[in-house]
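Structure assessment
Next come the chains, spelled out residue by residue.
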Amino acid sequence: MEVFLQGARDALTISSIVSVVGGILLGYMVGVLPGLSRPAALSVAVPLTYSMSPIGAIAFLVGVTKASAAGGATGAILLNTPGEPSSAATTFDGYPLARKGEATRALKVALYASVFGDLVATLVLILLAASLARFALKMGPVEMTAVMIFALSFIAALSGASLSRGIISGVLGLFLATVGLDPESATPRMTFGFIDLFDGIPLIAATVGMLAFTEMLVQVEALFARRAGASETTGFRPETDKAIRLGDIRRVFPVTVRATGIGVAAGIIPGLGPTIGAFLSYAINKHFARPGDRYGEGDLKGVAATEAADNAVLPASLIPLFAIGLPGSVSAAILVSAFMLHGVQPGPLIFEQHPRLIYGIYVSMLVASLTMLVVGRLGLTLFARVTRVPARLIIPFVVLFCVVGTYLERDTVFSVFAMLGLGLLGFVMQRFGYSVVTFLIGFVIGPLFELSLRQALIVTNHSPLAVLDHPIALAFLMASLGSLILFLRSKR
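Quick look at the structure, then. (Residues numbered from 1 in each chain as written. Predicted model: local features only at pLDDT ≥ 70, side-chain atom pairs only at ≥ 80, totals over all residues. Heavy atoms only, no water.)

**Side note on the packing of aromatic side chains**
Under the counting rule described, the total for this entry stands at 6 aromatic pairs. Both rings, one in phenylalanine 92 and one in tyrosine 282, keep their centres 5.3 Å apart while their planes meet at 65°; by these two values the pair is edge-to-face. You can see phenylalanine 92 sitting in helix α5 (residues 91-99) and its partner tyrosine 282 sitting in helix α11 (residues 273-287), a full 190 residues away along the chain. There is no split in this pair, since phenylalanine 92 and tyrosine 282 are both buried. Each ring, one from phenylalanine 116 and one from phenylalanine 253, has its centre 5.7 Å from the other, and the planes form 70°; the classification is edge-to-face. One end of the pair, phenylalanine 116, is in helix α6 (residues 103-137); the other, phenylalanine 253, is in helix α10 (residues 246-268), with 137 residues separating them in the sequence. Judged by its relative accessible area of 45%, phenylalanine 253 falls in the partly exposed class. (Phe/Tyr/Trp six-rings, centres within 6.5 Å; stacked < 30°, edge-to-face > 60°. Helix = DSSP H or I, 4+ residues; strand = E, 2+ residues; numbered from the N terminus. Buried < 20%, exposed > 50% of the residue type's maximum accessible area, 1.4 Å probe, protein only.)

Put into structure tokens, the structure is as follows:
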């Protein structure tokens, strides 16, 4: 108890709280700007912590990571421009809500769901770090392959009006995800001699291009066609209702709880990360939609499903990091360098060697969650005013941010051309009724699925019956089969 109080005292000093607030503000700015991912923000922020104390440095970086996840929802809802790849799923319902004149309500739900998911996952980290980390150790290549199959099984549920076109879109996403070096033999595949393609098509270029740039092309088309007054506005209806009522809370709360659980699971399992967690949460919650739910057409449930899961991943990804020294996400991996920079080696001995620091980090994470709520709530009204800006002013700035964000990912012009090309592809797909949602799911899951499948085949010696020796994998495969059967029955 004495060590806990000492850690809490360290976390509640003026310098530590200022570090948290500074990280939250920086994270929000990074999250709002399209293409600037939280790993990139963390990479830039780590050198800024050289002169800080260990607790102040980690508190600052945790603030950056948490707020960038929450801030990414702002552009996704208001402009169909996700600030983070993991916020891409928020556009499915957030942007339609904004166009219907419910931007403020969507932003409120996104903020509250983000804080709830983050806070609950932080409490799970505090209470169950060691025991849940042992579960993460059981997730080998066979189990990861089963998890990926489970995620891909929901492509059918998100296929839209046409099941065949949705599946074609998902397969196209998987196909483009194979561009680059073969994970087993390092042989170039479909690179056509371009060295820039050796690392594959950039993820940020794909998400920004297929969502943000595609939407700007749609807006330009509307401007020229003079449809729905598009020459003056972005097509948003005036906001007439900004309140969140008790009925909305009752509808959204069960989805938020379920999404938080999915986000925690995605964080515990190394390799999944927030993007897969957000897409998987949206797919599962849509699969269990009730009569009257309008996922994909502007439903508060869809916003809560993605934001709660997205923000629950980071605290949960620290569970394997603290307990066994294994980062559960890219952000957690970057945090390892910050720990080592200040003389702390993550792993099972950290609880014995640095208990005061660990408790201080726990309290700082709770402070960051509450600070994120305050900062987000104060900025919400300002953010919502974006819907009043004429489209002729918004479009050039959004395109500029898209170009800058994708360029900064790899510091190459190729990323910009990839974003532009995929934006045109997304525009054509939308025109002919092909689902951009399922394309992105296939593209996001594709690389990890291929790697896990290759490893699983080696581990099992290419024997399908070997899955019987992996009960976790068997459970996920049965769940995949059950979800497909239920979906096909509901379609009939």
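Picking up where we left off.
**Points about the nonpolar core**
Within the largest apolar cluster, 47 residues are counted, with the highest numbers of intra-cluster contacts made by Ile24, Tyr28 and Ile77. For this core, the element with the highest residue contribution is α6, accounting for 8 residues. For tyrosine 28, the contacting residues outside a window of four places in its chain are Ala67, Ser68, Ala70, Gly71, Leu111, Met372, Val375 and Gly376. Counting 43 residues, the second largest nonpolar core, distinct from the first, contains Phe150, Met210, Leu422 and Leu448. (Core = buried A, V, L, I, M, F, W, Y, C linked by side-chain atoms within 4.5 Å. Contact = heavy atoms within 4.5 Å.)

**Observations regarding unusual backbone geometry**
The phi torsion at methionine 190 lies on the positive side, around 55°, for a residue other than glycine. Mapped onto the fold, methionine 190 is located in the loop between β2 (188-189) and α9 (203-225). Methionine 190 gets classed as partly exposed once you look at its relative accessible area, which sits at 30%. The phi angle at asparagine 461 is positive, at roughly 60°, despite the residue not being glycine. Residue placement: asparagine 461 occurs in the loop between α18 (436-459) and α19 (471-491).

**Regarding α9**
Over its 23 residues, α9 extends 32 Å from the first C-alpha to the last, a length consistent with the 33 Å expected when each residue adds 1.5 Å. Of all the bends in α9, the largest measures some 40° and sits at glycine 209. (Expected span 1.5 Å × (residues − 1). Bend = angle between axes of the 7 residues up to and from the residue.)

**Describing the environment of phenylalanine 194**
Summarising the element assignment, phenylalanine 194 is placed in the loop between β2 and α9. The spacing of phenylalanine 194 and glycine 180 is 14 residues in sequence and 9.7 Å in space, taken between C-alpha atoms.

**Some thoughts on the packing of helix α8 (residues 163-177) against α18**
Axis separation between α8 and α18 bottoms out at 7 Å; the angle between their running directions is 35°. Crossing hand, α8 versus α18: right-handed. Between α8, through Gly166, Ser169, Gly170, Leu172, Gly173, Leu174, Leu176 and Ala177, and α18, the contact on the second element is made entirely by Thr438, Phe439, Gly442, Phe443, Gly446 and Pro447. For the contact of α8 with α18, the residue count by class is 7 nonpolar, 7 polar and no charged. (Axes fitted to C-alpha atoms, helices over the stretch in contact; angles between N-to-C directions. Left-handed = near helix turned anticlockwise from the far one by under 90°. Nonpolar A, V, L, I, M, F, W, Y, C, P; charged D, E, K, R; others polar.)

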